[in-house]
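Understanding the architecture of this molecule
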Amino acid sequence: PACHRNRKDLRTRCLAEAVGSGILVLAASAASAAALSPTSTSLLMGGVVGSAVLSFATISGAHFNPAITCAQTVGGTLPRSDWLPYIASQIAGASAAALTIAPLLPPAGLPPP
C-alpha cells in the first residue's frame, strides 16, 4: 500500500513506538501526580498526544497503543510481521517510563507534597 512507501527500518520504527509510548505514560503520570483538574489534564494529554503523533507519524505511524497496532494490522495498513515487534516496543517504552517516574511520585493514596 501507499502508506508503506519510504518506510524506515523496523528498528527505527520500533524505537519511535517505544519513545512515543513512554512519553504518553510520563505525561499521564505527571498529570496524575500533580492532581491537575480534568480540564488541565485533558489539555495536557491532548497536546502531548498531538505532539507525539506529529513527531513520529512519518517514522512509525505513531500507534503508541497495542489496540491501535492490532487494528492497523487487521485493517491491512501494518504488515503482520511488524505486529509483535511494535507491541513489544510499546510495552517496553511504557514500562521503562513507569519505572523511571515511579520513584518520583508520592505513594499511592497520599496527596502530592
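The coordinates are above.
So, here's what we can say about the structure. These numbers were taken from a predicted model, which means no experiment stands behind them.

So, how was this worked out
- Residues numbered from 1 in each chain as written.
- Predicted model: local features only at pLDDT ≥ 70, side-chain atom pairs only at ≥ 80, totals over all residues.
- Heavy atoms only, no water.
- Axes fitted to C-alpha atoms, helices over the stretch in contact; angles between N-to-C directions.
- Helix = DSSP H or I, 4+ residues; strand = E, 2+ residues; numbered from the N terminus.
- Parallel < 35°, antiparallel > 145°, perpendicular 65-115°, else oblique.
- Contact = heavy atoms within 4.5 Å.
- Nonpolar A, V, L, I, M, F, W, Y, C, P; charged D, E, K, R; others polar.
- Phe/Tyr/Trp six-rings, centres within 6.5 Å; stacked < 30°, edge-to-face > 60°.
- Buried < 20%, exposed > 50% of the residue type's maximum accessible area, 1.4 Å probe, protein only.
- Core = buried A, V, L, I, M, F, W, Y, C linked by side-chain atoms within 4.5 Å.
- Patch = residues over 30% accessible without salt bridge, like charges linked within 9 Å, V, L, I, M, F, W, Y side chains within 5 Å.
- Areas by Shrake-Rupley, 256 points an atom, 1.4 Å probe, with all protein chains shown as cover.
- Salt bridge = Lys/Arg side-chain N within 4 Å of Asp/Glu carboxyl O.
- Polar contact = N/O pair within 3.5 Å; in protein donor to acceptor, adjacent residues only side chain to side chain.

For any two helices packed against each other, one specifies the inter-axial angle together with the distance between the axes. One way to put it is that helix 3 (residues 66-75) packs onto helix 4 (residues 80-101) with a least axis distance of 10 Å and a crossing angle of 175°. With respect to each other, helix 3 and helix 4 are oriented roughly antiparallel. Residues Pro66, Thr69, Cys70 and Thr73 of helix 3 form the contact with helix 4, whose own contacting residues are Arg80, Trp83, Tyr86, Ile87 and Gln90. A breakdown of the residues in the contact of helix 3 with helix 4 according to their chemical character gives five nonpolar, three polar and one charged.

On to the packing of aromatic side chains. On inspection of all chains with the given rule, the structure shows one aromatic pair. Residues phenylalanine 56 and phenylalanine 64 carry aromatic rings whose centres are separated by 6.0 Å and whose planes lie at 85° to one another, so their mutual orientation is edge-to-face. On the basis of relative accessibility, which here comes to 9%, the residue phenylalanine 64 falls in the buried class.

On to unusual backbone geometry, then. Positive phi, close to 55°, is recorded for alanine 35, a residue that is not glycine. Looking at the secondary structure, you find alanine 35 in the loop between helix 1 (10-33) and helix 2 (38-60). Phi is positive for phenylalanine 64, close to 60°, though the residue is something other than glycine. Along the chain, phenylalanine 64 turns up in the loop between helix 2 and helix 3.

For the rest of this paragraph, the subject is the nonpolar core. Nonpolar side chains tend toward joint burial in soluble globular proteins. Counting eight residues, the largest nonpolar core consists of Ala16, Leu24, Ala27, Val48, Ala52, Phe56, Ala62 and Phe64. Looking at this core, the elements that each hand over two or more residues are helix 1 and helix 2. With sequence-adjacent residues up to four places away left out, leucine 24 is seen in contact with Met45, Val48, Val49 and Phe64.

Looking now at a nonpolar patch on the surface. A surface patch of nonpolar side chains, about 240 Å² in accessible area, is lined by Leu15, Val19 and Ile23. For leucine 15, the location among the structural elements is in helix 1. Given a relative accessible area of 55%, leucine 15 falls into the exposed group.

Here we come to the pattern of salt bridges. Following the criterion strictly, the structure yields one salt bridge and no others. Note that arginine 13 and aspartate 82 form a salt bridge whose closest N and O atoms lie 2.5 Å from each other. Of this pair, arginine 13 sits in helix 1 while aspartate 82 sits in helix 4, and the two are 69 residues apart along the sequence.

Right, let's talk about the side chain of serine 60 for a bit. By secondary structure assignment, the location of serine 60 is in helix 2. Within the local environment of serine 60, its side chain forms a polar contact with the backbone nitrogen of alanine 62, the two atoms lying 3.2 Å apart. With residues up to four places along the chain from it excluded, the contact list for serine 60 reads Arg13, Ala16, Glu17 and Tyr86.

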